[in-house]
Each structure stands twice: as structure tokens, then as C-alpha cells.
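In case you want the letters, here they are:
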Amino acid sequence: MELILERIAKRKTYTIGHLYIQRRMDDEYLAGTENQYFCDTLEPTWRDYANGAYKVKGRSAIPEGRYAVVISWSPKMKQWLPILLGVPKFEGIRIHAGNCSEDTEGCILVGKNREVGKVLDSRIWVHRLKQKIVEAKGRGESVWITIK
């Protein structure tokens, strides 16, 4: 399963994105893939690492790239959550619930962007995303996220 996070609003104190799930089209008339919108995302401030920007701990969005996603136990959050593996110069990057940029601590929040700089109904969307990941793993699929 491929998740795609497309950053659409890079603001001074937060970054808003759209999360898509890539669907495989196996119908003879619809061969290929299609990205299906899933929910919105909230991250800390985007920084242009390619042009010399530096990371600020807990206040920087991770670099663009493709990362493996697994579900593991989060001792801090005391629950099973998705975690991104192999993020350069970052560790412990999870997808979790929260509403504003202060809640991100460097991670990705999921929900609906119905208020400026926030995502709402985050716990519901984390639960739905975990279900999708568990289903994919149950089919023997690897799960990846591409961040653009």
C-alpha cells in the first residue's frame, strides 16, 4: 500500500497537506493506479533542507521522500501507532492524533482541516488509517508513504 502526503500550504508555523491512498486499478479498462483522497494532515513548519535550511527539534517537518510505515507501540502515547522508518536526521516520527502545530512535536497529525492551522476529528482519522495499514499488512503488503 502506498500513502502519498502532498503538502499544499507551507505556512510560518505549520504545514497542511492532503493524504492519499494509492489504489491499484485491476479492471481491464482502468489499468494502473489512482490516488484516492483520504484526509488532511498537519505538520510543523516546512524547511527547505535542499537549500541549507536546518532542523529545529520538534518544530520541523520531515524531509520529502519515501519511507516505510509500520505500526508499533508508542510508550509516550501508550498506544499502537504508525511510525515512519528511515527518516534522515529524525527518529520516532509517528502519525498520531492532535489538533494544532504544537501537538505535532515533529510528527504528522491526521484529520480534517476545517479551521485555519488545525486538523479536527483527529482520533477518528488515526483509527481509520491504522485499520487501512493493518488490512494491507494482513494481505502481505508493505506500507510506504511518499511525502511531496
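Right above here is the structure, for reference.
Let us look at the structure shown here. Since we're looking at a predicted model, the values are computed, not measured.

### Focus: unusual backbone geometry
Logical step 1: Positioned with a positive phi, K78 is a non-glycine residue whose angle comes to about 60°.
Logical step 2: As for its position among the elements, K78 is in the loop between strand 4 (65–74) and strand 5 (79–85).
Logical step 3: One non-glycine residue, E105, lies in the positive phi region at around 50°.
Logical step 4: Assignment of secondary structure puts E105 in the loop between strand 6 (95–96) and strand 7 (108–111).
Logical step 5: A relative accessible area of 47% means that E105 is categorised as partly exposed.

### A word on the packing of aromatic side chains
Logical step 1: All chains considered together, the criterion is met by four aromatic pairs.
Logical step 2: Measuring from centroid to centroid gives 5.3 Å for F38 and W125, while their planes differ by 85°, and the two rings are edge-to-face. Of this pair, F38 sits in strand 3 (residues 32–43) while W125 sits in helix 1 (residues 122–138); the two residues are 87 residues apart in sequence, bridging distant segments of the chain. Considered together, F38 and W125 belong to a single accessibility category, that of buried residues.
Logical step 3: Residues Y49 and F90 carry aromatic rings whose centres are separated by 6.4 Å and whose planes lie at 75° to one another, so their mutual orientation is edge-to-face. Note that Y49 is positioned in the loop between strand 3 and strand 4 and F90 in the loop between strand 5 and strand 6, a separation of 41 residues in sequence.
Logical step 4: By relative accessible area, which is 22% here, Y49 ends up partly exposed.
Logical step 5: Of the residues examined, F90 reaches a relative accessible area of 12% and is grouped as buried.
Logical step 6: Here the basic side chain of K10 rests over the ring of W46, its NZ or CZ set 3.9 Å away from the ring centre.
Logical step 7: In this structure, R66 packs its charged tip against the face of W144, placed 4.2 Å from the ring centre.

### Considerations on the nonpolar core
Logical step 1: Counting residues in each nonpolar core, the largest one holds 26 residues, and the members touching the most others are L19, L84 and I145.
Logical step 2: Those elements that place two or more of their residues in this core are strand 1 (2–10), strand 2 (15–25), strand 3, strand 4, strand 5, strand 7, helix 1 and strand 8 (144–147).
Logical step 3: When residues of this core are assigned to their parent elements, the largest contribution, five residues, is made by helix 1.
Logical step 4: In this structure, I145 is in contact with E2, L3, L5, L19, G65, R66, Y67, V69 and L84, ignoring residues within four places of it in sequence.
Logical step 5: Residues A9, Y14, L42 and V119 belong to the second largest nonpolar core, which totals six residues.

Rules behind the numbers
- Residues numbered from 1 in each chain as written.
- Predicted model: local features only at pLDDT ≥ 70, side-chain atom pairs only at ≥ 80, totals over all residues.
- Heavy atoms only, no water.
- Helix = DSSP H or I, 4+ residues; strand = E, 2+ residues; numbered from the N terminus.
- Buried < 20%, exposed > 50% of the residue type's maximum accessible area, 1.4 Å probe, protein only.
- Phe/Tyr/Trp six-rings, centres within 6.5 Å; stacked < 30°, edge-to-face > 60°.
- Lys NZ or Arg CZ within 6 Å of the ring centre and 35° of its normal.
- Core = buried A, V, L, I, M, F, W, Y, C linked by side-chain atoms within 4.5 Å.
- Contact = heavy atoms within 4.5 Å.

Don't take any of this as a statement about function, it's just geometry.
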